[in-house]
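Take a look at the letters that make up each chain.
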Amino acid sequence: MLQYMAMSKKIAIDLTQIPPNKTGIGVYALNLVKEIIATDLSKWDFEITFFAQDDDNEWQHIINGNNRCQLISINSSTYRKLFRRFLFEQFTFPRLCKKMGIDTIYSFHYTTPYFTRICR
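Note that the coordinates shown come from a computational prediction; the quantities given were computed from them, not determined experimentally. (Residues numbered from 1 in each chain as written. Predicted model: local features only at pLDDT ≥ 70, side-chain atom pairs only at ≥ 80, totals over all residues. Heavy atoms only, no water.)

Right, let's get into the overall build of the protein chain. Secondary structure assignment for the protein chain yields 5 helices and 4 strands. The N-to-C order of helical and strand elements in the protein chain reads α-β-α-β-α-β-α-α-β. Out of the 120 residues belonging to the protein chain, those deemed buried represent 43%. Nonlocal contacts in the protein chain, meaning residues at least 24 apart in sequence, comprise 62% of its contacts between residues at least 6 apart. As displayed, the protein chain has an accessible area near 6900 Å², and 53% of this comes from carbon and sulfur atoms. (Helix = DSSP H or I, 4+ residues; strand = E, 2+ residues; numbered from the N terminus. Buried < 20%, exposed > 50% of the residue type's maximum accessible area, 1.4 Å probe, protein only. Contact = heavy atoms within 4.5 Å. Areas by Shrake-Rupley, 256 points an atom, 1.4 Å probe, with all protein chains shown as cover.)

In structure tokens:
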């Protein structure tokens, strides 16, 4: 994954589908994010922006403090509801990424924004 990511300047990693009680893909995402953070990112020419829901403090503890990564928290009381999360994922999230100059979106779950070309 890091080889592909090195081609992009700004990468968004969507953790918004991951519940606070991690199992399955959540454990995979947690371990991958820990490895990304543990990597010496100064050798790479990119920035990573993680998006997670604000009711999952574990991401804040792992991500905050890394100067090449940032965490953007979204409102969990709104976006843990399936239909609203779908709207966020398909419309709000891609627009926000475009506005931020994101080159690539990486999503862990079975859904990704359909109406954008920056998804992987």
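Moving on to the packing of aromatic side chains. Within the structure shown, the criterion is met by 5 aromatic pairs. Ring centres 5.8 Å apart and planes at 75° place the aromatic pair Tyr28 and Phe108 in the edge-to-face group. Residue Tyr28 is found in helix H2 (residues 25-38), and its partner Phe108 is found in the segment after strand E4 (104-107); the two are separated by 80 residues along the sequence. Residue Tyr28 is classed as partly exposed on the basis of its relative accessible area of 42%. With relative accessibility at 8%, the residue Phe108 sits in the buried group. (Phe/Tyr/Trp six-rings, centres within 6.5 Å; stacked < 30°, edge-to-face > 60°.)

Under the 1.5 Å per step criterion, the end-to-end length of helix H5 (residues 82-100) is 25 Å for 19 residues, consistent within 8% with the ideal 27 Å. Its maximal kink placed at Phe88, H5 deviates by approximately 40°. All of the buried residues along H5 are Arg85, Phe88, Glu89, Gln90, Phe93, Pro94 and Cys97. Buried positions along H5 lie against strand E1 (10-14), strand E2 (47-53), strand E3 (69-74), helix H4 (76-79) and E4. (Expected span 1.5 Å × (residues − 1). Bend = angle between axes of the 7 residues up to and from the residue.)

Once that is clear, we can look at H2. Residues that lie three or four places apart on an α-helix share one face, since the helix turns once every 3.6 residues. A rise of 1.5 Å per residue sets the reference length of H2, with its 14 residues, at 20 Å; its end C-alpha atoms lie 20 Å apart and thus fit the reference within 8%. For H2, every residue scored as buried is listed here: Gly26, Ala29, Leu30, Leu32, Val33, Ile36 and Ile37. Each element contacted by the buried residues of H2 is listed here: E1, E2, helix H3 (57-63) and E3.

Where E2 and E3 come together, 6 bridges link them in parallel fashion. Paired with Ala52 across the two strands is Ser73, which belongs to E3. Regarding the hand of the β-α-β motif, the stretch spanning E2, H3 and E3 is right-handed. (Pairing = 2+ DSSP bridges. Right-handed = clockwise from strand over helix to strand, strands pointing away.)

On to the pattern of salt bridges, then. What the rule picks out here adds up to 3 salt bridges. Between Asp56 and Lys22 there is a salt bridge whose closest N-O contact spans 2.7 Å. Here Asp56, found in the loop between E2 and H3, pairs with Lys22, found in the loop between E1 and H2; they are 34 residues apart in sequence, far enough to count as distant. Residues Glu58 and Lys22 are paired through a salt bridge, measuring 3.2 Å at the closest nitrogen-oxygen approach. Of this pair, Glu58 sits in helix H3 while Lys22 sits in the loop between E1 and H2, placing them 36 residues apart in sequence. With relative accessibility at 12%, the residue Lys22 sits in the buried group. It is possible to trace a salt-bridge network through shared partners that takes in Lys22, Asp56 and Glu58. (Salt bridge = Lys/Arg side-chain N within 4 Å of Asp/Glu carboxyl O.)

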